[in-house]
Every structure is written in C-alpha cells, then in structure tokens.
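The chain contents come next:
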Amino acid sequence: MRRDAQLDADVVIVGSGVAGALIAARLTAAGARVRILEAGPRTDRAAAVRRYRSGQWAYESVPWAPQPAGMPAGSYYVQAGSVPFASDYERRVGGTTWHWLGNCPRLLPSDFAMQTRFGVGVDWPISYDDLEPWYVDAEHELGVSGNSSHDAGSPRSADFPMPAIPMSSGDAMFQRAAAAIGLDLVHTPQARNATPGYQGRPQCCGNATCIPVCPVQAKYDATYHLGLAESGGAILTENAVVSRVVAGDDGEIVSVEYLDPSGTPHTVTGRSFVLAANAIETAKLLLMSGIANSSDLVGRNLMDHPTTWARGTAAEPYTGYRGPLQTAGIDQLREGDFRSERGAFRVEVNTDVGSPLATAGALIGEGLVGTELFSEIARRAPFAVWLAVMIEQLPDPENRVTLADDTDALGLPRPKLTYAHSDYVMRGAVAAQETLGKLLDGVGATNVQTAPALGGAGHLIGTVRMGDDPATSVADSFGRTHDHPNLFLAGSGLFPTAGTANPTLTIAALALRSAARISRELGLMPVATPSASPTSPVATPG
C-alpha cells in the first residue's frame, strides 16, 4: 500500500462505539495506519459498578464531552418538538455499548423495502440478501447467543456462534399466555456469552445490571475490538472532541480538528475519514462543519423505537432479576400488511420487574404501614411482571437535529432536537397495548398499570440516511458521503427506516461491509477476523 508519510494516518475514525471499533479493528488487521478520536474518557469498569451500586448513574459526564445519559433533563439536548426525544447515549471510549441491553435481532427483509411493500417510508439502497452474510459476520464479531432453529422472519445462512441464553424461569407462563392468543414467545438473540470463553469473556452469570453496566463483561462492548485495534497499532486519543471536518477545494476531506479538555485545538490528517459517532453527534458535527449536506437532509428523519409498557401482579410467581434484563420476546407482530397503516412492534418480557422500593412507595401512598406493608410487599414482589414494546417509527424530515444557540463548556453548539410521534406510531401504540392487555390477562394479572406516555428505546436512527440518489440521501450504501468521496459515515444514522429490531447488529453488519470497501480502496485485501470465534475465524464476506 502506498502511504504518505506526512499524513497522520491512512484512516481517521471519529467515535469509538461499535461501528468505529469494528472498522478500526478490521482496517488495522489489514495493515492500515488508523487514528481513533473519542470525545470522552476511558472507563474503569469496577469504578462504574461502584458508582451504580452507590445509587448514581454508572458513568460521569465530563464537562468537555457532555452527554444526555445520566444527566438531568434539558442539560444537554435542547428540546424543540411537541414530544421530548427520550433516548440517550454515552460519550466515552466504547460508546453506548457500555450501557446497551445487548439484544441483537436482525431486521426483516421487508424492512429494506417499506415503500415497495407497504407504500410508506422509503426503500433502502440494499436488500436483506445483500446484508445477510454481513449479519453472520457481525454475529460472530459481537458473540451473539441465539436459537438458530427459530424462524424470526429473517432467513439465516449460518447458525449463531453460541446457543441461546436460557429464558427466565417465569417466562414459561408468558409462553402459555402467548400460545393462547396464537403467538410464540421465543429466545431473544443477545450479544452476551451463553458459554464461557468466547473472545476470552466469561459466561453470563445473571447479574441483571446489563443497563447500565455488566460487571464481568459477559455482555459485548466495543472496548473488545478497540483493544484488538490498539494491539495492532491503532492510536486511540481519548478526550478529543472533534469540532470540525475540513474539506479541500476539490471536495476531498483533508483533516479533522479537535479540542482537548482545555480547549486547545489540534489537527489530524489522513487519506480517508470515518464519522462513527451516533446519529445525533454525527449530524451535529456535519452541520458544524458545513459539509455533506447538498441534499439538505443532514439531521433530518430522526427516529427511535417509541416504547410503551404494561405491568402488574401475576397469579403465579415470576421471580424477576434472575438473568439478563430480557431473555424472550414475540416476533410475529413485527410483520404484516397492517404496516401500511400503523407501526409494527416487538413484545419483550422484562426480567427487571420493578424495584421493591418503588412498590413500597406506592403501597405507602395507599395507606399501608407496618406489618401490613411488609406483608403486601412480600406478596407482590415475586409475582410482579412487566412487558414492554418497541414500536416502528417512519422517517419524517421535520423530526430533526439542528444546532442550538446554547453551547457546551468548549463553546460548541448543543444539539437542538425537534421531534414528534406521528399517527402511524400512535396507532401502533394502541395495538401494542391491546396485545399487552391480553398477555397480562393470560397470566391472571391484577394491579395492572400502563405507561402514561411513550418513551424512548435508546435507539438513535436516521439523520444521515443512505441511498442511491444524492438528492434524497446523504451517503451511499457503504456510508460514503455523496459530496465527499473520502468521507464515510457509520452507525444507525444511515438507516433509511427503523423497522422493529434493536439497531446494533445492523450497525455492526454495515460497518463491517464498509470496512471491506475502505480496505480495498486503500489497496488492502479484506482479512479474516481474528476475533470471530475462539476456535475458528469466520472469513470476511466478499
């Protein structure tokens, strides 16, 4: 490979979450000089666990890289819509994989063709079949445990690398309740070890603190691939807040500028550049830089998976908190002709069934005290059940990220979010609550409560969507921006539509596909991953 010794790197990657980490690991293994810039600090796992156990959010938000996770409402986002955008993220080495749940379902084939199939939304520039081999690759890279025999509506060419995490013992009663209304409760694919030793990580031991922190790293996080990249020669600079991406007169990106915690500016040069921050931070950075926006779509079509829930006291003991926070869900309701009229959804059974302290507070509010209070808590707690739903949201250009006048400690604009829920979402929410009601009836639930409003799933989707037409998209299917041939975008900001799958596996699949394209353009050959399996590496798809 020809190198320019005067450049700092062959590839400069902004962001160290799952997309940035996977691309860095692949390109470093292929022989590229890689620089990774991360706005936040490295995290000490033991310190994060101690903070959480002391009643605080596990991760501190540093002044130079403020983040919405763990912060008071309104302290980072500037909310300008009729509905507050309720999802958050981490700005730290490893990104939001520190506090993600770990669920890894695939998108459905129809999710790639919403306009063609249902007359709503838009089509992706690639099909499910185009991405399927990369899904296999991503499942091995993240170490996904799942039931390979279950048909979740997404055809598979290979088994999961590990068997499914066992369902919670209480899920059997929801299996019966689901079967009574013609539905199947099945294992949820998860990026956590069902068996010990995969990628050198331990087996899940059921700490039930997946959000916000897995104490033993049985759940995948991006620090694993960052470690591979750094051991291969990549240079990771923490606390480097990128403030501008600089384009030359010919449209090629020539450098990125970042500020350190003191506000001192620095510049990093490279041949190719990858923005792998999340959908909000990537859009914010492009808008601050005034680039990649000939379509006027940067920041637009912000999506999430709006959530709703219902909980109650079942007739049989569920006995929660004995495993990951979710182990099972219902897939059939993700698909159907109804998607032309309302959002689809996936039902999930939560094993974190609610705090006994919260139960105590509610009962005290009802006037219970002393032994009567104690007895009622003991009666209810083992029987508590909680179901949740993620609802499909369609792209809307008026749901968007722009730059606020308010600035952070480094003088950079805070993200201004304009967001609302459409009738499509709200009709999906009505159907979802009807299903949750039937399931709770099926387990004989009393004391039923339902969500007073829709929440957020922590899924930041859209804002820099991919497509074939530069007039209607920001980047192509490999994440290359239409306006700048050496600038790639990675992450769920690229998704044209949201579907009903947690986005991380699709983020990973797209990132691996992009890494192979960048590698070829640098004059390198794609390589077999060094981390796919403790015994047999999986070859990179072509």
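Owing to the predicted nature of the structure, the values given are computational and were not obtained by experimental measurement.

**Thoughts on the overall build of the chain**
Within the chain, the secondary structure is distributed over 11 helices and 18 strands. The globule rule puts the C-alpha radius of gyration for 542 residues at 24 Å, and the 23 Å found for the chain is close to it. By its C-alpha atoms, the chain is 75 × 50 × 45 Å across when sized along the principal axes. Here the chain holds 542 residues, and the buried ones make up 59% of them. For the chain, long-range pairs separated by at least 24 residues make up 74% of all intrachain contacts whose partners lie at least 6 apart in sequence. Put simply, the chain shows about 19800 Å² of open surface, and 52% of that area lies on carbon and sulfur atoms. Side chains of the chain give 41 positive and 55 negative charges; the mean places of these two sets differ by 4 Å.

**Observations concerning the layout of surface pockets**
Of the volumes computed, that of the second largest pocket is approximately 450 Å³. Along the walls of the second largest pocket sit 20 residues, with V353, G354, S355, T359 and A384 positioned nearest its centre. Listed by contribution, the elements that provide at least two residues to the lining of the second largest pocket are β10 (307–313), α8 (356–365), β13 (384–391) and β16 (446–450). Per-element tally for the lining of the second largest pocket: the top contributor is α8, with 4 residues.

**Brief notes about the nonpolar core**
Grouped together as the largest cluster of nonpolar side chains are 104 residues, with contacts concentrated most on L142, V274, I280 and L286. Top contributing element to this core by residue count: helix α11 (residues 504–521), with 10 residues. For V274, the residues in contact, after removing those within four places along its chain, are V11, V12, I13, V14, I23, F488, A490 and I518. Counting 31 residues, the second largest nonpolar core, distinct from the first, contains L333, V385, V425 and V443.

**Side note on the packing of aromatic side chains**
If you walk through the whole model with that rule in mind, you get 12 aromatic pairs. Taking the centre distance of 6.2 Å and the plane angle of 75 degrees together, the rings of F112 and Y128 count as edge-to-face. Of this pair, F112 sits in the loop between β3 (78–79) and α3 (114–118) while Y128 sits in helix α4 (residues 128–142), and the two are 16 residues apart along the sequence. Considered together, F112 and Y128 belong to a single accessibility category, that of buried residues. One aromatic cluster in this structure is built from Y76, Y77, F85, Y89 and Y419. The lysine or arginine in question, R156, covers the ring of F160, its NZ or CZ lying 3.7 Å from the ring centre. Between R513 and the ring centre of F478, over which it is positioned, the NZ or CZ distance is 3.9 Å.

**Here's the deal with the side chain of N350**
Secondary-structure assignment places N350 in strand β12 (residues 345–350). A relative accessible area of 6% places N350 in the buried class. Within the structure, the side chain of N350 is placed 2.7 Å from the side chain of Q326, a separation counted as a polar contact.

**Remarks on the pattern of salt bridges**
Side chains bearing opposite charge may pair, as long as their charged atoms lie close to each other. One pass over the full model with this rule turns up 28 salt bridges. Notably, a salt bridge pairs D331 with R346, separated by 2.7 Å at the nearest N-O pair. Here the residue D331 occupies a position in the loop between β11 (326–330) and β12, and R346 occupies one in strand β12, the gap between them amounting to 15 residues. Across the pair, R346 and D331 agree in class, each one buried. Here R414 and D406 are joined by a salt bridge, their closest N and O atoms 3.9 Å apart. The exposure class of D406 is partly exposed, given its relative accessible area of 37%. Through salt bridges that share partners, R106, E132, E139 and R156 make up one connected network.

**As for the packing of α4 against α11**
Following both chains from N to C, one finds α4 and α11 inclined at 105 degrees, their axes separated by 8 Å at the closest point. One way to sum up the angle between α4 and α11 is to call them roughly perpendicular. The segment α4 lies against α11, with L131, W134, Y135, D137, A138, E139, E141 and L142 engaging T504, L505, T506, A508, A509, L510, L512, R513 and A516.

**Structural notes on the packing of helix α1 (residues 18–29) against α11**
Packing of α1 against α11 brings their axes to within 9 Å, and their N-to-C directions diverge by 35 degrees. Along this stretch, α1 crosses α11, giving a crossing that reads as right-handed. Where α1 approaches α11, its residues V18, A19, L22, I23, R26 and L27 are matched on the opposing element by T504, I507, A508, A511, L512, A515, I518 and S519. The residue inventory of the contact of α1 with α11, partitioned by class, reads 11 nonpolar, 2 polar and 1 charged.

**A short note on the sheet that holds β12**
As summarised here, the arrangement of the 6 strands in space is β4-β11-β12-β13-β10-β16, forming an open sheet in which the pairing is antiparallel. Because the sheet does not close on itself, it has two edges, and the strands there are β4 (186–187) and β16. Examined bridge by bridge, β12 and β13 share 6 bridges and lie antiparallel to one another. From the neighbouring strand, V349 faces β13, where its bridge partner is L387.

**What about unusual backbone geometry?**
A cis amide bond links I211 with the next residue in sequence, P212, at an omega value of 15 degrees. At Q199, a position not held by glycine, the phi torsion is positive, near 55 degrees. Secondary-structure assignment places Q199 in the loop between β4 and α6 (223–231). In this model, A292 sits at a positive phi of 60 degrees, which is unusual for a non-glycine residue.

**Some points on empty space enclosed by the protein**
With the rule as written, the count across this model stands at 5 cavities of 30 Å³ or more. Empty space within the largest cavity amounts to approximately 160 Å³. If you trace the largest cavity, you find 16 residues lining it, with H150, A152, R156, F160 and P189 closest to the centre. Within this model, the second largest cavity holds a volume of roughly 100 Å³. R192, C204, N207, C210 and C214 are, among the 14 residues lining the second largest cavity, the residues nearest its centre. Here the residues of the lining of the second largest cavity are counted per class, giving 9 nonpolar, 3 polar and 2 charged.

What counts as what
Residues numbered from 1 in each chain as written. Predicted model: local features only at pLDDT ≥ 70, side-chain atom pairs only at ≥ 80, totals over all residues. Heavy atoms only, no water. Helix = DSSP H or I, 4+ residues; strand = E, 2+ residues; numbered from the N terminus. Rg over C-alpha atoms; globule rule 2.2 N^0.38 Å. Buried < 20%, exposed > 50% of the residue type's maximum accessible area, 1.4 Å probe, protein only. Contact = heavy atoms within 4.5 Å. Areas by Shrake-Rupley, 256 points an atom, 1.4 Å probe, with all protein chains shown as cover. Lys, Arg positive; Asp, Glu negative; His and termini not counted. Charge placed at Lys NZ, Arg CZ, Asp CG, Glu CD. 1 Å grid on protein atoms, 1.4 Å probe; cavity = no way out; pocket = protein on both sides within 12 Å on 5 of 7 lines; lining within 4 Å. Points joined across faces, edges and corners; volume = space filled by probe spheres on them. Core = buried A, V, L, I, M, F, W, Y, C linked by side-chain atoms within 4.5 Å. Phe/Tyr/Trp six-rings, centres within 6.5 Å; stacked < 30°, edge-to-face > 60°. Lys NZ or Arg CZ within 6 Å of the ring centre and 35° of its normal. Polar contact = N/O pair within 3.5 Å; in protein donor to acceptor, adjacent residues only side chain to side chain. Salt bridge = Lys/Arg side-chain N within 4 Å of Asp/Glu carboxyl O. Axes fitted to C-alpha atoms, helices over the stretch in contact; angles between N-to-C directions. Parallel < 35°, antiparallel > 145°, perpendicular 65-115°, else oblique. Left-handed = near helix turned anticlockwise from the far one by under 90°. Nonpolar A, V, L, I, M, F, W, Y, C, P; charged D, E, K, R; others polar. Pairing = 2+ DSSP bridges.

Don't take any of this as a statement about function, it's just geometry.
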